[in-house]
Amino acid sequence: VSITFNPASTTGNSSVATVTVPSAFPAGVVNVTIFGSGGGLSRITSLTINVPGVTITAEVTENGPFFNQEQIRLTHTVPITSLSVRIVIQRTPGLSVNGQFNTMGGQMTQSVTVTPTTFVYQFNLVPGQTLQPEPNRVCAAQTNGSGTIHPTSGDTATITYTTGGVTRTETRTF
């Protein structure tokens, strides 16, 4: 985050601060303190900048010997015009596909592909759809176990989304 002032130096009572946030900056709150002095006076003020965007969290919501749920939680303050969520679960002995779900309903397609070493859960926003800002959207992958807890540490997710004409790809581990 950068701040520029116009005028950079003033003999009057004010200067306009312009705050620039890079497009790759993560969503969230940034606290900024501005300090100025001159002519024997000092002034200080604080700003809270809310950076719009997408916050992504990888969660293991349940991991027992007979059932496992891993999910991606999205909270976004800007519209999303393209979204792809891919959750890859390593295929350990006794593990099988249980199901999957998302909280975006018919705006998303979903599928699962089984390989000899992984279960690949895929969620895609239907072309032409837009997800309006909303907290706590979920894409979840579920597996069944045969009595042994699944080691989730090798499971991953790749999330690709477009907002404001910019496409980003982020990865998460469980």
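Model, not experiment: these values are computed from the prediction.

Draft legend 1. Geometry of the overall build of the chain. Counting its secondary structure elements, the chain contains zero helices and 13 strands. When the helices and strands of the chain are read in sequence order from the N terminus, they spell out β-β-β-β-β-β-β-β-β-β-β-β-β. For a compact globule of 174 residues, the expected C-alpha radius of gyration is about 16 Å, and the chain comes in at 22 Å, more than 25% above that figure. Dimensions of the chain, computed from C-alpha atoms along their principal axes, come out at roughly 75 × 35 × 20 Å. Relative to its full complement of 174 residues, the chain shows a buried share of 33%. When the accessible surface of the chain is totalled, it reaches about 9,600 Å², and 53% of it is carbon and sulfur. Counting 7 positive and 6 negative side-chain charges, the chain places the averaged centre of each group 10 Å from the other.

Draft legend 2. How the structure looks around unusual backbone geometry. For the peptide bond that leads from Asn-6 to Pro-7, omega is 0 degrees, which places it in the cis range. Of note in the backbone geometry, Asn-136 takes a positive phi value of approximately 60 degrees without being a glycine. Mapping Asn-136 onto the fold places it in strand S11 (residues 134-144).

Draft legend 3. Up close: the sheet that holds strand S8 (residues 96-102). A sheet is described by the order of its strands in space; here four strands give the open sequence S5-S6-S11-S8, paired in antiparallel fashion. Edge positions in the open sheet fall to strand S5 (54-63) and S8, since each of these has one partner strand only. Taken over all neighbouring pairs, the strand axes of this sheet differ in orientation by 15 degrees on average, direction set aside.

Draft legend 4. Focus on the pairing of strand S12 (residues 156-163). Pairing of strand S7 (residues 82-90) with S12 involves seven bridges; the strand directions are antiparallel. Opposite Val-85, over in S12, you have Ile-159 as the bridge partner. Note: S12 against strand S13 (residues 166-173), eight bridges, orientation antiparallel. Each bridged residue has a counterpart across the sheet, and for Thr-162 the counterpart in S13 is Thr-167.

Draft legend 5. Up close: the sheet that holds S13. With respect to topology, five strands assemble into an open sheet ordered S9-S10-S7-S12-S13, the strand pairing being antiparallel. For this open sheet the edge positions go to strand S9 (108-114) and S13, each flanked by a neighbour on one side alone. The sheet shows a mean angle of 10 degrees between the axes of neighbouring strands, direction not considered.

Draft legend 6. The arrangement of the pattern of salt bridges in detail. In the structure shown here, the tally under the stated rule is three salt bridges. Note that Glu-59 is salt-bridged to Arg-73, the shortest N-O span being 3.1 Å. Of the two residues, Glu-59 is situated in strand S5 and Arg-73 in strand S6 (residues 67-76); the sequence distance between them amounts to 14 residues. In this structure, the salt-bridge partner of Glu-170 is Arg-172, at a minimum N-O distance of 2.7 Å. A residue is classified by how much of its surface remains accessible, and Arg-172, at 24% relative accessible area, is partly exposed.

Draft legend 7. Here's a closer look at the side chain of Thr-118. Its location among the elements puts Thr-118 in strand S10 (residues 118-125). Classification of Thr-118 as buried rests on a relative accessible area of 18%. In terms of polar contacts, Thr-118 uses its side chain to reach the side chain of Thr-115, at 2.8 Å. In this view, Thr-118 contacts Val-88, Ile-89, Arg-91 and Thr-113; residues no more than four positions away in its chain are not counted.

Draft legend 8. Seen up close, the nonpolar core. Residues Ile-72, Leu-83, Val-85, Ile-87 and Ile-159 are the most contacted members of the largest nonpolar core, which totals 24 residues. When contributions to this core are tallied by element, the ones reaching two or more residues are S5, S6, S7, S10, S11 and S12.

Cut-offs and rules
- Residues numbered from 1 in each chain as written.
- Predicted model: local features only at pLDDT ≥ 70, side-chain atom pairs only at ≥ 80, totals over all residues.
- Heavy atoms only, no water.
- Helix = DSSP H or I, 4+ residues; strand = E, 2+ residues; numbered from the N terminus.
- Rg over C-alpha atoms; globule rule 2.2 N^0.38 Å.
- Buried < 20%, exposed > 50% of the residue type's maximum accessible area, 1.4 Å probe, protein only.
- Areas by Shrake-Rupley, 256 points an atom, 1.4 Å probe, with all protein chains shown as cover.
- Lys, Arg positive; Asp, Glu negative; His and termini not counted.
- Charge placed at Lys NZ, Arg CZ, Asp CG, Glu CD.
- Pairing = 2+ DSSP bridges.
- Axes fitted to C-alpha atoms, helices over the stretch in contact; angles between N-to-C directions.
- Salt bridge = Lys/Arg side-chain N within 4 Å of Asp/Glu carboxyl O.
- Polar contact = N/O pair within 3.5 Å; in protein donor to acceptor, adjacent residues only side chain to side chain.
- Contact = heavy atoms within 4.5 Å.
- Core = buried A, V, L, I, M, F, W, Y, C linked by side-chain atoms within 4.5 Å.

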